[in-house]
Amino acid sequence: MRLDKLLSDRGFGTRKDIKKLIQKQGAYINGTLTKDPGTHVTKSDQVVFDGKDILCDKFQYFLFHKPAGCVCANEDGAHDTIFKYVPNPRSQFFSVGRLDLDTEGLLLITNDGALAHHLLSPRHHVNKTYFARLDHAITEDDIHAFSEGIDIGDEDLTLPAQLVRANEAGDEIYLTIQEGRFHQVKRMFLARDNEVLYLRRDSMGPFALDDSIPIGTYRALTAEEIQMIMKNQE
Ligand code: URA
């Protein structure tokens, strides 16, 4: 595929704009700078444009550090969506699971539906760890109740979840769950007469927030990271 087509497919602009940009600032292919928009790239090439790792594969995967104030949807009449921050050519990308409008944290964004399905299924026991600030301190009873499963008004109890204190006062916590029910974390604490005041997802499966994704930014998964999730999928 031509370099300019790849970059326009990935949402960096029209073919015409991209041609000009490549001629001006260039792109790195396997570490070598090129300013020729017609350069041929294949699946195995590593392309870096505008400081971003561009995958040449059909499927793409991004880790996004969601800020509060945007929703996980392709369109929304009332709020910004996550795609204000992440390019979404031809609206083919979506987030794997959702975070609430006021929740921050890690989201995997992809156009690979099969992978999304796998990661979302509670059967596959993908751990998601959240940090929360609560209205008041948790108790040992709460920790025990979370480990047994909580009645949040659904047909089934939640799956066993691991609750640990994140500060001495006990009003900041880490919670690891393997499901993604609607408003699950907030409802689990409400069921224990507590309230989530701030919520952030810190990790999901093998991926965690780190300094490489400041809030409001994203990065493409590396080839090694993609291989890792493909392996887990087998
Ligand atoms: N649980 C919630 O209550 N909200 C989120 O955004 C994610 C998990």
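Quantities reported herein were computed from a predicted structural model and do not represent experimental measurements. (Residues numbered from 1 in each chain as written. Predicted model: local features only at pLDDT ≥ 70, side-chain atom pairs only at ≥ 80, totals over all residues. Heavy atoms only, no water.)

(A) Broad picture of the state of the cysteines. This model, assessed by the stated rule, comprises zero disulfides. Cys-70 carries a free sulfur, and the closest cysteine sulfur to it, the one in Cys-72, is 6.7 Å from it. Owing to a relative accessible area of 7%, Cys-72 belongs among the buried residues under this scheme. (Disulfide = S-S within 2.5 Å. Buried < 20%, exposed > 50% of the residue type's maximum accessible area, 1.4 Å probe, protein only.)

(B) Region of interest: unusual backbone geometry. In this structure, Asn-30 is a non-glycine residue whose phi angle is positive, near 50°. Residue placement: Asn-30 occurs in the loop between strand S1 (27–29) and strand S2 (32–34). Positive phi, close to 55°, is recorded for Asp-193, a residue that is not glycine. Relative to the helices and strands, Asp-193 resides in the loop between helix H5 (184–191) and strand S13 (196–204). The exposure class of Asp-193 is exposed, given its relative accessible area of 66%. (Helix = DSSP H or I, 4+ residues; strand = E, 2+ residues; numbered from the N terminus.)

(C) A look at the nonpolar core. Counting 31 residues, the largest nonpolar core has Leu-175 and Phe-189 as the members making the most contacts within it. Secondary-structure elements contributing two or more residues to this core are strand S5 (61–66), strand S9 (104–110), strand S10 (128–134), helix H4 (140–148), strand S12 (172–177), H5, S13 and strand S15 (218–220). Residues lining this core come from more than one domain, with at least three contributed by each of domain 2 (61–121 + 207–233) and domain 3 (127–204). Apart from the residues lying within four places of it in its own chain, the contact partners of Leu-175 are Lys-128, Thr-129, Tyr-130, Phe-146, Ala-161, Gln-162, Leu-163, Val-185, Met-188 and Phe-189. Judged by nonpolar contacts, the second largest core, of 15 residues, contains Tyr-61, Leu-115, Val-126 and Met-204. (Core = buried A, V, L, I, M, F, W, Y, C linked by side-chain atoms within 4.5 Å. Domains from an automatic or database assignment. Contact = heavy atoms within 4.5 Å.)

(D) Highlighting H5. Within H5, burial applies to Gln-184, Val-185, Lys-186, Met-188 and Phe-189. Elements in contact with the buried residues of H5: S10, H4, strand S11 (162–165), S12 and S13. One or two steps after H5, the chain reaches Asp-193, where phi turns positive at roughly 55°.

(E) Up close: the site of the ligand. Within the structure, the ligand sits among Leu-99, Asp-100, Thr-103, Tyr-130, His-183, Gln-184, Val-185, Lys-186 and Leu-199. Between an oxygen atom of the ligand and a main-chain N or O atom of Asp-100, the distance comes to 2.7 Å. With respect to the ligand, the backbone of Val-185 contributes an N or O atom lying 3.0 Å from a nitrogen atom. Considered on its own, the ligand offers 240 Å² of accessible surface; in the complex 96% of this is hidden by protein. When atoms are counted within 2 Å of each cavity's grid points, the one that captures over half of the ligand is the largest pocket. A breakdown of the residues in the shell around the ligand according to their chemical character gives four nonpolar, three polar and two charged. Counting only domains with at least three residues in the shell around the ligand, you end up with domain 2 (61–121 + 207–233) and domain 3 (127–204). (Near = heavy atom within 4 Å. Polar contact = N/O pair within 3.5 Å; in protein donor to acceptor, adjacent residues only side chain to side chain. Areas by Shrake-Rupley, 256 points an atom, 1.4 Å probe, with all protein chains shown as cover. 1 Å grid on protein atoms, 1.4 Å probe; cavity = no way out; pocket = protein on both sides within 12 Å on 5 of 7 lines; lining within 4 Å. Sits in = over half its atoms within 2 Å of the grid points. Nonpolar A, V, L, I, M, F, W, Y, C, P; charged D, E, K, R; others polar.)

(F) Representation of the sheet that holds S2 in the model. Ordered by their spatial adjacency, four strands build an open sheet running S2-S1-S3-S4, and the pairing between neighbours is antiparallel. Because the sheet does not close on itself, it has two edges, and the strands there are S2 and strand S4 (52–54). Neighbour-to-neighbour, the strand axes of this sheet turn through a mean angle of 35°, independent of strand direction. With three bridges connecting them, S1 and S2 associate as antiparallel partners. Residue pairing in the sheet places Ile-29 in a bridge with Thr-32 of S2. (Pairing = 2+ DSSP bridges. Axes fitted to C-alpha atoms, helices over the stretch in contact; angles between N-to-C directions.)

None of the figures reported here should be taken as evidence of function without further support.
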